Amino acid sequence: GPMGVSPVPSYPNIAGQNPLYLDYALRRYRAGERQGDQAGMMYTVTQPLTDEDIADLAAYFGGLKPGS
């Protein structure tokens, strides 16, 4: 969801997640290096993101309180 809390129980919440981890994960999805059920969708979603976009998203979601 827009506040980093997943509406689907099997998807992880990203609110409050470590920004370095989020940055790393988004870059790996964009490069096609991550595997898993949602890797294909995440690959598509991350393609238009610049390095700055990814850093900004990681900082934003990392700064949210978990469960917001």
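Structure: above.
Residues numbered from 1 in each chain as written. Predicted model: local features only at pLDDT ≥ 70, side-chain atom pairs only at ≥ 80, totals over all residues. Heavy atoms only, no water.

Asks: Describe in detail the layout of surface pockets, supporting the description with residues and values.
Replies: Size it by volume and the largest pocket reaches roughly 720 Å³. Together, 27 residues line the largest pocket, and Pro12, Ile14, Leu26, Tyr29 and Met42 are the ones closest to its centre. Contributions of two or more residues to the lining of the largest pocket are made by helix H1 (19-30), helix H2 (39-46) and helix H3 (51-63). For the lining of the largest pocket, the element with the highest residue contribution is H1, accounting for five residues. (1 Å grid on protein atoms, 1.4 Å probe; cavity = no way out; pocket = protein on both sides within 12 Å on 5 of 7 lines; lining within 4 Å. Points joined across faces, edges and corners; volume = space filled by probe spheres on them. Helix = DSSP H or I, 4+ residues; strand = E, 2+ residues; numbered from the N terminus.)

Asks: Provide a residue-level description of the packing of aromatic side chains, including the pertinent values.
Replies: Evaluated as defined, the whole model comprises one aromatic pair. Taking the centre distance of 4.9 Å and the plane angle of 80° together, the rings of tyrosine 60 and phenylalanine 61 count as edge-to-face. Taking relative accessible area as the criterion, phenylalanine 61 reaches 13% and is therefore assigned buried. Against the face of tyrosine 29 rests arginine 34, its NZ or CZ located 4.8 Å from the ring centre. (Phe/Tyr/Trp six-rings, centres within 6.5 Å; stacked < 30°, edge-to-face > 60°. Buried < 20%, exposed > 50% of the residue type's maximum accessible area, 1.4 Å probe, protein only. Lys NZ or Arg CZ within 6 Å of the ring centre and 35° of its normal.)

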